[in-house]
Amino acid sequence: MRRRCCCWGPAALLLQLLLLLGLGNLLAAKVNKHKPWIETSYHGIITENNDTVILDPPLVALDKDAPVPFAGEICAFKIHGQETPFEAVVLNKTSGEGRLRAKSPIDCELQKEYTFIIQAYDCGSGPGGTNWKKSHKAVVHIQVKDVNEFSPAFKESVYKATVTEGKIYDSILQVEAIDEDCSPQYSQICNYEIVTTDVPFAIDRNGNIRNTEKLNYDKQHQYEIMVTAFDCGQKHATEDVLVRVNVKPVCKPGWQDWNKRIEYKPGSGSIPLFPSIHLETCDGPVSSIHTTIELQTNYIGKGCDRETYSEKSLQKLCGASSGAIDLLPSPSATTNWTAGLLMDNNDMIFKFDGKQGAKIPDGIVPKNLTDQFTITLWMKHGPSPGLRAEKETILCNSDKTEMNRHHYALYVHNCRLVFLLRKDFDQADTFRPAEFHWKLDQICDKEWHYYVVNVEFPVVTLYMDGTTYEPYLVTNDWPIHPSHIAMQLTVGACWQGGEVTKPRFAQYFHGSLASLTIRPGKIESQKVISCLQACKEGLDINSLESLGQGIKYHFNPSQSVLVMEGDDIENINQALRKVSYINSRQFPTAGVRRLKVSSKVQCFGEDVCISIPDIDAYVMVFQANEPKITISGMDHFARPAEQFERGVILLPDIRIVSTVTKTEHPVDSKEHDRANKPVVLEEMLHNLDFCDILVIGAELDPEQECLELDHVELQGKHLDATNSTAGYSIYGVDTMHNYEQVLRQVRYRNWYTSATFDRKFRVKCSELNGRYTSNEFNLEVNILHSSNSNFMDHVSHMIVEPQFLQSVHHPEGSISAVHNSVVPSVATIVIVICVTILIFIITLGVYRIRTAHQHSSGDNEGSKENEMDWDDSALTITVNPMEKYEKPHQTEEESEEEDIEDEEEDTTSAESDESEEEDEEEEEEEEVIVQKGDKQNATRQEQLEWDDSTLPY
């Protein structure tokens with residue numbers, strides 16, 4: 001039997017494959033029937049810087065298909081979320097246990113929590129993982145556990161605070177620290193601590209610093225303390241922080257930024273007293289300020305720094321009328337009535353202690369003062385001692401004997417100034433004003449004041465410190481009947497010549513007086529009085545125009561008190577910065593001047609306003625460089641006697657120069673020793689107040705000699721002059737140049753010269769009433785009589801008078817020679833040549849004279865022709881045969897030689913300035929030689945007389 005063969009096509013094969021696949025799936029579905037199961041949410045904790053997450057509950061997936069292989073197993077956990085730093089791994093497929101871990105270390109400071117989705121996947125139906133199933137989505141919430149890795153750090157590098165002294169503060173300032181850890185436990189600051197020990201401060205856990213005791217600005221201005229912080233994990237800060245606490249004083253209203261000591265150098269002009277001052281009001285509601293600046297100078301001289309010239313010089317300087325009589329002059333030979341009084345030589349102040357008085361000699365003050373006269377004085381007076389005040393006499397003119405009448409007097413009684421003037425009896429015998437009373441507080445304030453009593457009878461006016469005061473009481477009295485009783489003028493007490501058993505002083509004065517003068521016949525003007533009492537120091541304001549319109553100011557007459565008022569604090573500050581001190585004296589009185597600034601303020605609507613403490617400061621005035629006054633010129637000359645009859649100028653080339661010593665400071669003090677600083681003498685210009693030409697030896701004989709000066713030379717200058725037998729005095733405040741001009745015109749006259757051979761004078765000048773005096777310049781004048789005039793005339797022509805050259809700057813080596821004139825080198829050569837020629841001529845003359853005497857003694861009848869030819873027609877020689885000729889001849893030769901030596905010494909002294917000791921020795925030698933020569937001349941005249949008028953030399 002035959003078989004049939006079957007062939008399959010492509011379609012049949014495809015159909016067959018599909019059937020097989022569908023059958024497989026059906027079988028697999030029956031094997032992996034369930035999805036894996038996990039919890040719906042998880043909570044986990046991970047420690048930072050670690051990768052292990054602890055989940056609650058643990059990560060476990062279950063599958064109901066278990067224990068079917070693959071289908072009942074868990075193959076994976078998948079996390080859904082962008083950039084989630086975690087991953088889940090299967091630890092056991094069968095049990096479905098898994099683990100969640102971090103891919104990298106977790107930083108809590110970056111993120112504290114994480115939330116994401118996780119699903120579990122089974123292994124499917126077979127090893128290929130086909131037909132896998134996934135669980136539902138579960139939420140995982142993970143918290144990062146913090147680690148205390150950061151230390152606290154303070155927000156500021158330095159903390160500063162300012163406190164006022166004397167207070168206890170709850171909190172001065174608060175320090176704050178932070179921690180970068182993420183957890184509250186480690187990121188919070190739980191405590192602060194002060195590291196610095198022994199400080200009066202404490203700090204709480206919140207960082208508030210307070211003081212534990214009251215702080216004192218004087219004890220400590222600033223405190224520096226170190227503070228640290230701790231977090232709640234007790235980790236402290238790596239760096240402590242500095243806390244500065246400044247202590248400021250309690251705000252006290254007052255002036256700030258001023259110096260207690262202000263230094264003033266003479267010649268500085270006007271210097272500000274408070275250049276940086278300002279007023280602190282402590283925010284007080286100030287509406288106006290009233291400030292008084294007072295310069296206290298009552299202990300300087302007579303109330304302030306005034307010129308210390310004599311009263312006569314000051315009156316001449318101020319243009320006062322001439323004729324003032326000084327009743328309290330410096331003691332001298334002519335003014336000796338003040339010799340027994342207590343005196344301050346520097347300021348010409350006389351102190352009266354209630355036990356002293358001075359009698360003014362008769363003739364000093366005229367008896368009749370006329371109806372116009374002036375009394376001026378400086379007075380310092382306090383309350384009268386004792387319970388019952390008595391009269392204290394300043395000036396009194398009373399009866400010298402028999403009676404006790406007071407003709408005129410000036411006295412103090414119960415702090416009242418009284419002037420008594422009893423007029424003499426005349427035709428009208430009526431009551432007249434006799435006592436004039438002034439009641440002033442200044443009379444007993446123990447301060448210096450300047451008083452001027454102008455009498456223009458019957459009106460009497462008082463000027464006190466330049467201000468006019470009329471008498472508050474005028475009493476009348478009968479005039480005094482004339483009598484022949486002499487009157488006695490006294491100062492400091494009143495003379496009681498009658499009505500007592502013994503004449504004595506009474507009514508003594510207690511206080512100080514100075515410059516007491518009386519001027520008969522004239523009264524002073526207001527201008528002159530103001531000039532006489534003017535202060536040379538005081539307060540000043542720099543640039544008045546810049547004070548501003550809101551400032552009112554007022555000076556007192558002496559400019560020692562300045563009052564300023566304004567309503568703006570800053571304007572007052574600016575105004576007070578411009579207040580300055582000025583002293584116009586070239587040589588001010590050195591010492592301290594006290595300053596006092598007192599202020600009063602008014603506040604807006606306030607009954608109680610702030611109080612401004614006074615300022616107590618002082619100005620220190622330095623000592624001026626002391627000038628050295630030098631007088632120079634020709635100190636010796638000789639003239640024929642007939643010239644003295646007409647008058648010879650004594651000081652034709654006198655020169656007055658003043659220098660001060662100054663030290664130059666080197667630029668580099670290291671290269672120069674301080675002890676060897678260069679010293680220079682610098683010429684300066686200042687005034688003089690007197691120059692005296694004194695006669696050395698016997699006083700001038702007014703019947704044959706005098707010193708004279710044409711008073712025309714004094715016109716246009718502040719100078720006056722007095723003449724006496726003791727010398728000539730020129731006084732007044734004027735320049736050294738004007739004094740030179742006047743001194744060069746003083747002449748010495750002698751109209752009877754036969755008994756006088758020489759005169760010596762001394763010149764001395766002064767500044768500030770003897771405060772600075774010059775050297776004593778000595779001048780010798782020789783009177784040449786007919787016997788030796790021809791020879792001395794010839795010799796005097798050979799003398800070259802030295803020229804004076806005063807240099808402004810002198811080296812240190814020339815300090816000792818400052819009094820000497822400086823002769824130029826050319827003049828020195830000329831002098832040497834002239835002296836040499838003079839010695840040669842003198843030697844030749846002596847030789848010829850001796851030769852002539854020898855020929856004369858050897859042959860009286862022989863020829864007279866010799867080396868010296870003369871005309872002897874009129875020569876008459878008388879020889880006494882009882883005496884020897886050789887001895888007088890020898891004496892004559894010695895005398896001639898000694899005369900020649902005298903002439904050489906005189907010439908030499910006229911050419912150069914020697915020291916004072918050498919000058920005195922030479923003068924003593926010259927006096928001895930002159931006396932010896934006079935005796936020899938007398939002997940020669942007894943033995944040998946001739947007519948030498950035609951003798952040639």
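Residues numbered from 1 in each chain as written. Predicted model: local features only at pLDDT ≥ 70, side-chain atom pairs only at ≥ 80, totals over all residues. Heavy atoms only, no water.

Moving on, we get to the state of the cysteines. What the rule picks out here adds up to 10 disulfides. Across a sulfur-sulfur distance of 1.7 Å, Cys190 and Cys232 are joined as a disulfide pair. One quick way to see it: the torsion about the S-S bond of Cys190 and Cys232 is about 75°, and its sign makes the bridge right-handed. Highlighted residues: Cys190 in strand β12 (residues 189–194) and Cys232 in the loop between β15 (222–231) and β16 (241–248), separated in sequence by 42 residues. Disulfide pairing places Cys396 opposite Cys494 at an S-S distance of 2.0 Å. With Cys396 in strand β27 (residues 392–399) and Cys494 in strand β36 (residues 494–496), this pair connects stretches of sequence that are 98 residues apart. (Disulfide = S-S within 2.5 Å. Helix = DSSP H or I, 4+ residues; strand = E, 2+ residues; numbered from the N terminus.)

On to the packing of aromatic side chains. In the structure shown here, the tally under the stated rule is 17 aromatic pairs. Summarising the aromatic geometry, the rings of Trp495 and Phe505 are spaced 5.3 Å apart at their centres and angled 80° between planes, so their arrangement reads as edge-to-face. On the criterion of sequence distance, the pair formed by Trp495 in strand β36 and Phe505 in strand β37 (residues 504–506) is long-range, its members being 10 residues apart. Exposure class is identical for Trp495 and Phe505. Each is buried. (Phe/Tyr/Trp six-rings, centres within 6.5 Å; stacked < 30°, edge-to-face > 60°. Buried < 20%, exposed > 50% of the residue type's maximum accessible area, 1.4 Å probe, protein only.)

Before going further, it helps to spend a moment on the sheet that holds strand β35 (residues 487–491). Taken in spatial order, the 7 strands line up as β25-β35-β27-β28-β29-β30-β34 in an open sheet, and their pairing is antiparallel. Strand pairing shows two members of the sheet lacking a second neighbour, β25 (358–360) and β34 (473–477), which therefore form its edges. Strand-to-strand, the axes of this sheet are offset by a mean angle of 20°, without reference to chain direction. (Pairing = 2+ DSSP bridges. Axes fitted to C-alpha atoms, helices over the stretch in contact; angles between N-to-C directions.)

What follows is about the sheet that holds strand β39 (residues 537–541). A sheet is described by the order of its strands in space; here 3 strands give the open sequence β19-β42-β39, paired in antiparallel fashion. The open sheet has two free edges, formed respectively by β19 (270–272) and β39, since each of these has just one partner strand. On average, each strand axis in the sheet is tilted by 35° relative to the strand beside it, whichever way the strands run. Here 3 bridges tie β19 to strand β42 (residues 579–583), and the two strands are oriented antiparallel to one another. Bridging across to β42, Pro272 finds its partner in Ser580.

Residues Ile829, Ile833, Ile837, Phe840, Ile841, Leu844 and Tyr847 make up a contiguous nonpolar surface patch of about 660 Å² in total accessible area. By secondary structure assignment, the location of Phe840 is in helix α9 (residues 825–858). (Patch = residues over 30% accessible without salt bridge, like charges linked within 9 Å, V, L, I, M, F, W, Y side chains within 5 Å. Areas by Shrake-Rupley, 256 points an atom, 1.4 Å probe, with all protein chains shown as cover. Salt bridge = Lys/Arg side-chain N within 4 Å of Asp/Glu carboxyl O.)

Generally, phi is negative for residues other than glycine and the peptide bonds are trans, each holding for most cases. With an omega of -5°, the peptide bond between Asp56 and Pro57 qualifies as cis. Locating Pro57 in the fold gives a position in the loop between β2 (53–56) and β3 (74–80). Note the cis peptide between Phe457 and Pro458, where omega equals 10°. With respect to the secondary-structure elements, Pro458 resides in the loop between β31 (448–456) and β32 (459–464). A positive phi angle, near 70°, is found at Asn49, a position not held by glycine. Residue placement: Asn49 occurs in the loop between β1 (41–47) and β2. Exposure remark for Asn49: the relative accessible area of 48% places this residue in the partly exposed category. Here the phi dihedral of Glu402 falls at roughly 70°; this positive angle occurs in a residue that is not glycine. Position of Glu402 relative to the elements: it lies in the loop between β27 and β28 (406–413).

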